[in-house]
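Residue strings, one per chain:
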Amino acid sequence: ACECPDVVIVSTLLDSNAMALAALLEERGARVSLFTETEKDAPALARAILTTQTLILCSNAKLPETKQTEFALESLRRANGILLSLSKNTVPEGFVSLKNGIDEEILQKICN
């Protein structure tokens, strides 16, 4: 079995930074799922969060407020998953705020 870390990235549509981040993480061996239209993809997003180790919420992106999503987030927190927010404004409860973006140290933490 592949020991690739699983990463879920949630961004707004056409967020080139999110696409660049996804590419960078994949180069380092992570399996990345990028979600943009989260309302439409809410069930798939919740399933992805349930199997991931890292959830990255990009600037201006919002998680759908569904029971499945809330359950998935709660499960990830309990499993000591990594919850990161790149938002400059409000950071959802339980997320670590990365106002200055993702640095090398965090990349290594995600990909190892």
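Residues numbered from 1 in each chain as written. Predicted model: local features only at pLDDT ≥ 70, side-chain atom pairs only at ≥ 80, totals over all residues. Heavy atoms only, no water.

Trainee: Sorry, what's going on with the nonpolar core here?
Mentor: A general feature of soluble globular proteins is that nonpolar side chains tend to end up buried together. Counting residues in hydrophobic clusters, the biggest one holds 18 residues, and the most contacted among them are V7, I9, L25, I56 and I110. For this core, the secondary structure elements donating two or more residues are strand 1 (6-10), helix 1 (16-27), strand 4 (82-85) and helix 4 (104-111). Once you skip the residues sitting within four places of it in the chain, I56 turns out to touch V7, V8, I9, V10, L21, L25, L84, L86, I102 and I110. Residues L45, A48, L63 and L83 belong to the second largest nonpolar core, which totals 16 residues. (Core = buried A, V, L, I, M, F, W, Y, C linked by side-chain atoms within 4.5 Å. Buried < 20%, exposed > 50% of the residue type's maximum accessible area, 1.4 Å probe, protein only. Helix = DSSP H or I, 4+ residues; strand = E, 2+ residues; numbered from the N terminus. Contact = heavy atoms within 4.5 Å.)

Trainee: Would you mind going over the environment of G94 with me for this structure?
Mentor: Assignment of secondary structure puts G94 in the loop between strand 4 and strand 5 (96-97). Residue classification places G94 among the partly exposed residues on the basis of a relative accessible area of 46%. For G94, the residues in contact, after removing those within four places along its chain, are R77 and L83.

Trainee: Help me out: how do you make sense of the pairing of strand 4 in this one?
Mentor: Residues in a regular strand project their side chains so that they alternate between the two faces of the sheet. Here strand 4 shows no split at all, with I82 and L84 on one side and L83 and S85 on the other all buried. Where strand 4 meets strand 5, two bridges bridge the pair, whose relative direction is parallel. Residue pairing for strand 5: L84 is matched across the bridge by V96. (Pairing = 2+ DSSP bridges.)

Trainee: What's the story with the sheet that holds strand 3 (residues 54-57) in this structure? I'm lost.
Mentor: Two pairing modes exist for strands in a sheet, parallel and antiparallel, and in both the strands are linked by backbone hydrogen bonds. In spatial order, the strands read 2-1-3-4-5; together these five strands make up an open sheet with parallel pairing. The open sheet has two edge strands, strand 2 (31-35) and strand 5, and neither has a second partner. Along the sheet face, helix 3 (residues 67-78) touches strand 3 and strand 4 and points at about 120 degrees away from the line of strand 4. Each of strand 1, strand 3 and strand 4 is contacted by helix 4, which is oriented at about 145 degrees to strand 4, the strand it contacts most. (Axes fitted to C-alpha atoms, helices over the stretch in contact; angles between N-to-C directions.)

Trainee: How should I be thinking about a nonpolar patch on the surface in this particular structure?
Mentor: Taken together, L13, L14, M19 and L34 make up a surface patch of nonpolar side chains, about 410 Å² in accessible area. By the element assignment, M19 lies in helix 1. (Patch = residues over 30% accessible without salt bridge, like charges linked within 9 Å, V, L, I, M, F, W, Y side chains within 5 Å. Areas by Shrake-Rupley, 256 points an atom, 1.4 Å probe, with all protein chains shown as cover. Salt bridge = Lys/Arg side-chain N within 4 Å of Asp/Glu carboxyl O.)

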